[in-house]
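Now for the letters of each chain:
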Amino acid sequence: MRKSLRYALGLLAICAMLATMAAPALAQDPTEEAGMISGFPTTIEVEAKTAQAAFDAADKGQPDPAWKGKKITIGVYSAGQRGAISGPLYFWRQKFEELTGATYDIVEIPFAELREKIFTDLQTGAGTYDVIINCSNYYGDYIFNDWIIPIDQYFDDPRFPKWDRESIAPAVARLMQWGDHWYGGNNDHDAQVLYYRRDIIEDPKWQAAFKEEMGHDMPVKMETWDDVLEIAQFFNKKDWNGDGDPDDGITLHLKVGGQGFFHFMALSAPYVVIPYPGDPPTKVTKYHNVYWFDPETMEPLINSPGHVAALEMLLKLSKAGPSAMWGWSLGEAWADFLSGNAVLTFSWGDVGSLSQDPAQSVIQGKLGARGIPGTKSPYDREKGEFLKLDKPNMVGNQVGCSWHPVISKYSDEPELSYYFVAWQSTPPINHWNVATGWTGVDPGTTYDWFEPYGTAKIEDYVAGGYDAGDAKAFIGAYQDNFFNYPIFQNYMRIPGTPEMQEIWDVHLSEAITGQLSPQEALDLTYEDWTRIVADYGKEDLLKLYQESIGYTPE
Amino acid sequence: MPERSRVKYLFVLPGIIWVLLFTIFPLLYSLRLAFFQARLGKSETFIWLENFRRALFEDYRFWGSMGVTVFFVVCSVVCTVALGLALAILFNRPLRGQRFFRALFTTPLFTAPIALGYLGLTIFHEQVGAVNTVLQALGMAHPPAWFSAIWPARIAIVIVDIWQWTPFCFLVLLAGLQSLPDEVYEAAYLDTSSGWDIFRFITLPLLTPVLFTVTILRMVESFKMLDLPFSMTSGGPGLATQTYSFYIYLTGLRNFNAGYASALAYILLFVMIMISLSFFNRLRKIYE
């Protein structure tokens, strides 16, 4: 007995020693362990080569020698070292060290806790994060509470790299500003576009089958949501991919907390937002170019007939795919499309970039994309009726977060922090991030577009792993959305936005799963939003709302 | 006072400070908050009982989440206690491999609920989950839509909760059974050979205090259920699986409405105290 006890203790001691020896290796920064090429944590030579070229081409300013040895902390949502948005921070860190002699820590925060962690840090003045890679809808709270600093004070300082603010799509550039000041650097440019299977939709065999079944040509351009619905219904439950099982028409993420409300936001914009009849058509008035609230009274518009018609359309679309998608999050919906089981989806740029990753996608070379479709029957609140248009009402969107860096008011190193922000915003580095799929950085600047609209070359994307045809379709859809659509949906970024979106998400789910009718769901949303507005203070919010959408009271 | 007597207070002092700082202060501070309109970044306004009035008379989410919670509590407590009791009786006799199975049965108890939730998400996945794969293999053409329909979503959560908490009931009830005096059973076997009568008239009455304790502990735990709906359904579809604690979490930590969240938490505390008191009164009456 005693002997076996000795053996057991001996074994335990050996295990403890091994664990002690292994611990430092395990705790070590994994980028140091990974293969490095030219100071980049990658094993892919072409990636390091193109990144080095971007690094060389980027403006570097004149880093202040006083920064040497300093360290800043960057908070970002958790996606890992090769994950969306957080990945580039790891990728470029060693180069930042080379330039400045300083470094930065990366604090990854799970998405579900991101806002509470950041807001708590700012509210308490703890100052954990110098730079926050934030969601654009946080701005209302930032400005309301004076939590972040304007960065335009550094624009002319020779110490900092110069970046091209004119090249950013105006709709996204507005998200980095408040009033007359810039607060954010350039990074990600979110919008939802419609993705489809080019090989299927353009296949004459399927077009003939569609005509035979539906009695008219397939509306391959998919200019309206009615066209999309018809195509989704036609393909749903047919074995169009030849795997022996029925496949899906469309795939969506509609789970509560699964960001399904973003789908509705993009889909409903053309039903609700109509252009100003005078010049310019983008002018914001009480009835034109507004989506969220009446800009004079702060009354929610969320249960307007246009919104209800849009939700009825979403309901129909949700039945033209697997019913399981009512409980799907983002990843599941994307996986359904990327694994070749759905003809259509509408989502962010991630689908475009993920479709080029052979490890996750079987549709490389088969991707089609276009901007979000419109409707020929938008609702005119001024006239109190649905219009009958010959051409669809097309409304661009910047749905999503457009993740980008801001600097905390509590940062001890605001200048070093701005150096990082500006350097990452320079066109060569930002474009490299866009053209490299795994970064999750979506396109939105003129240097991301192909000629004649921009300066990018198809080769940039092919070097980043894209199929040339897919890149053309994907980038073209984004460029259409940001630069060719006549009007835009406003972005809601007043205080209380996430709370409003949370309850909206819940009621949309209730409508999708048949617990409430679309009208009931949106009426409840209206009541909840009215209460939230009252809680925050209607007058305060009205002023911020008017500022945020560019409305000037007459 | 002799020095030796004074020293003992020094030893107790850290404990007192700990309790004051981390129990009493938060309790009193949150009670104060419950009477204020207190939102992150906004100045606090004293509003008397407005938060309580709004919760009880205006807030459909209050009653909805309370209803969902009561459903989970009833289903989960009844099933875990019944299954735990059945297993405890089964194991309260010599069995081959008893230790192995006892250890095996208790493993879910030591798993983080959030991890079990994500495991549940995998198992009940509507298209590729193990449960629906088995059901389809057994010939069910349309297996339940576990996460996109109201009742299947609720049942999936209850099943995972039962899976996690049955071992707890099993362990405590087994300990209770093993502490029952043998003499009573020996005397009872002289009068009857019916196992059911022995269980009904001997085991159950003697085990009542333990059963009460297990039930009350399970109820308190179930009322706090958050992790499983959070990880499995995010409270959906709609609000179908949003528990009361989940609602408090969203109100306080996601929407930063600290005043209202405090009021909601105090209502839960009041409900729990009432339930516990009625249980212990009942238990006292049984023994009186």
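No experiment lies behind these values; they were computed from the predicted model shown. (Residues numbered from 1 in each chain as written. Chains lettered and ligands numbered in written order. Predicted model: local features only at pLDDT ≥ 70, side-chain atom pairs only at ≥ 80, totals over all residues.)

Along chain B, the regular secondary structure elements total 12 helices and 2 strands. Counting from the amino terminus, helix and strand elements in chain B follow one another as α-β-β-α-α-α-α-α-α-α-α-α-α-α. Along the first, second and third principal axes, the C-alpha set of chain B runs to 75 × 70 × 35 Å. Within chain B, the proportion of its 288 residues that are buried is 33%. Taking the intrachain contacts of chain B between residues at least 6 apart in sequence as the baseline, contacts between residues at least 24 apart amount to 69%. (Helix = DSSP H or I, 4+ residues; strand = E, 2+ residues; numbered from the N terminus. Buried ≥ 20, exposed ≤ 12 C-beta atoms within 10 Å, placed from the backbone. Contact = placed C-beta atoms within 7 Å.)

Summing up its helical and strand segments, chain A has 22 helices and 14 strands in all. Taking 554 residues into account, the globule formula puts the C-alpha radius of gyration at 24 Å, and chain A, at 25 Å, falls close to it. Each principal axis of the C-alpha atoms in chain A carries an extent, and together these give about 80 × 60 × 60 Å. Within chain A, the proportion of its 554 residues that are buried is 52%. Contacts in chain A between residues at least 24 apart in sequence constitute 74% of all its contacts with a sequence separation of at least 6. (Rg over C-alpha atoms; globule rule 2.2 N^0.38 Å.)

Before going further, it helps to spend a moment on the interface of chain A and chain B. Contacts between the two partners involve 22 residues from chain A and, on the opposite side, 20 residues from chain B. Counting only elements with at least two residues in the side of chain A that touches chain B, the list comes to α6 (111-124), α7 (139-145) and α20 (497-512) of chain A. Of the residues forming the side of chain A that touches chain B, the biggest block, 5 residues, is contributed by α20 of chain A.

Per-residue confidence for chain B averages 92 on the pLDDT scale, and 99% of its residues sit at or above 70. Predicted confidence in chain B is weakest over helix α4 (residues 98-106) of chain B, with a mean pLDDT of 85, and strongest over helix α2 (residues 50-57) of chain B, with 97. (pLDDT = per-residue confidence, 0-100.)

Let's shift gears to the environment of Leu541 of chain A. Along the chain, Leu541 of chain A turns up in helix α22 (residues 538-549). When the C-alpha atoms of Leu541 of chain A and Met298 of chain A are compared, they prove to be 7.8 Å apart, with 243 residues separating the residues in sequence.

Looking at chain A, pLDDT values average 92 and 94% of them are 70 or higher. Across residues 15-33 of chain A the pLDDT falls below 50, and counting only partners more than four positions away or on other chains, this stretch makes 5 contacts in the model.

Residue and element names in this part refer to chain A. End to end, helix α21 (residues 518-536) covers 27 Å across 19 residues, agreeing with the expected 27 Å (1.5 Å per residue, within 8%). Residues Pro518, Ala521, Leu522, Leu524, Thr525, Asp528, Trp529, Ile532, Val533 and Tyr536 constitute the buried set of α21. Downstream of α21 by a residue or two, Gly537 has a phi angle that is positive, lying close to 105°. (Expected span 1.5 Å × (residues − 1).)

To describe two helices that pack against each other, one gives the angle between their axes and the distance between the axes. Residues and elements named next belong to chain A. Their axes nearest at 7 Å, the elements helix α3 (residues 45-57) and helix α17 (residues 427-435) cross at an angle of 155°. By the angle between their axes, α3 is roughly antiparallel relative to α17. Here Thr50, Ala51, Ala54 and Ala57 of α3 lie close against α17, whose contacting residues are Pro428, Ile429 and Trp432. (Axes fitted to C-alpha atoms, helices over the stretch in contact; angles between N-to-C directions. Parallel < 35°, antiparallel > 145°, perpendicular 65-115°, else oblique.)

Residue and element names in this part refer to chain A. In spatial order, the strands read β7-β8-β6-β9; together these 4 strands make up an open sheet with mixed pairing. Unpaired on one side and paired on the other, β7 (248-250) and β9 (367-370) mark the two borders of the sheet. With strand direction ignored, the average angle separating the axes of adjacent strands in the sheet is 25°. Strand direction decides the pairing type here: β7 and strand β8 (residues 342-347), joined by 2 bridges, are parallel. Following the sheet pairing, Ile250 is matched in β8 by Leu344. (Pairing = 2+ DSSP bridges.)

Summarising the element assignment, Val290 of chain A is placed in the loop between α12 (260-272) and α13 (305-318). Excluding anything up to four places from it in sequence, Val290 of chain A contacts Val284, Pro295, Leu301, Asn490 and Ile549 of chain A.

Our next topic: the nonpolar core. By size, the foremost hydrophobic cluster in this structure holds 223 residues, and its most contacted members are Val193, Leu194, Tyr195, Ala232, Val343, Leu344 and Phe420 of chain A. Examining the composition of this core, we find that 11 residues originate from one element, helix α7 (residues 150-178) of chain B, more than from any other. Residue assignment places this core across two domains, with domain 1 (33-189 + 402-442) and domain 2 (193-397 + 492-549) of chain A each supplying three or more. Excluding residues within four positions of it along the chain, Val343 of chain A makes contact with Tyr196, Arg197, Ile200, Ile201, Ile231, Ala232, Phe235, Trp240 and Gly249 of chain A. (Core = buried A, V, L, I, M, F, W, Y, C linked by C-beta atoms within 7 Å. Domains from an automatic or database assignment.)

Our focus in this paragraph is the pairing of strand β13 (residues 404-407) of chain A. Residue and element names in this part refer to chain A. Residues His404 and Val406 line one face of β13 and the alternating positions Pro405 and Ile407 line the opposite face, and both faces are buried. Taken together, the 4 bridges between strand β3 (residues 131-134) and β13 define a ladder with antiparallel strand orientation. Paired with Ile132 across the two strands is Val406, which belongs to β13.

Attention shifts here to the pairing of β9 of chain A. Residues and elements named next belong to chain A. The side-chain alternation of β9 yields two buried faces, one formed by Leu367 and Ala369 and the other by Gly368 and Arg370. As judged from the 4 bridges shared by strand β6 (residues 193-197) and β9, these two strands associate in the antiparallel manner. Along β9, the bridge assignment pairs Tyr195 with Ala369.

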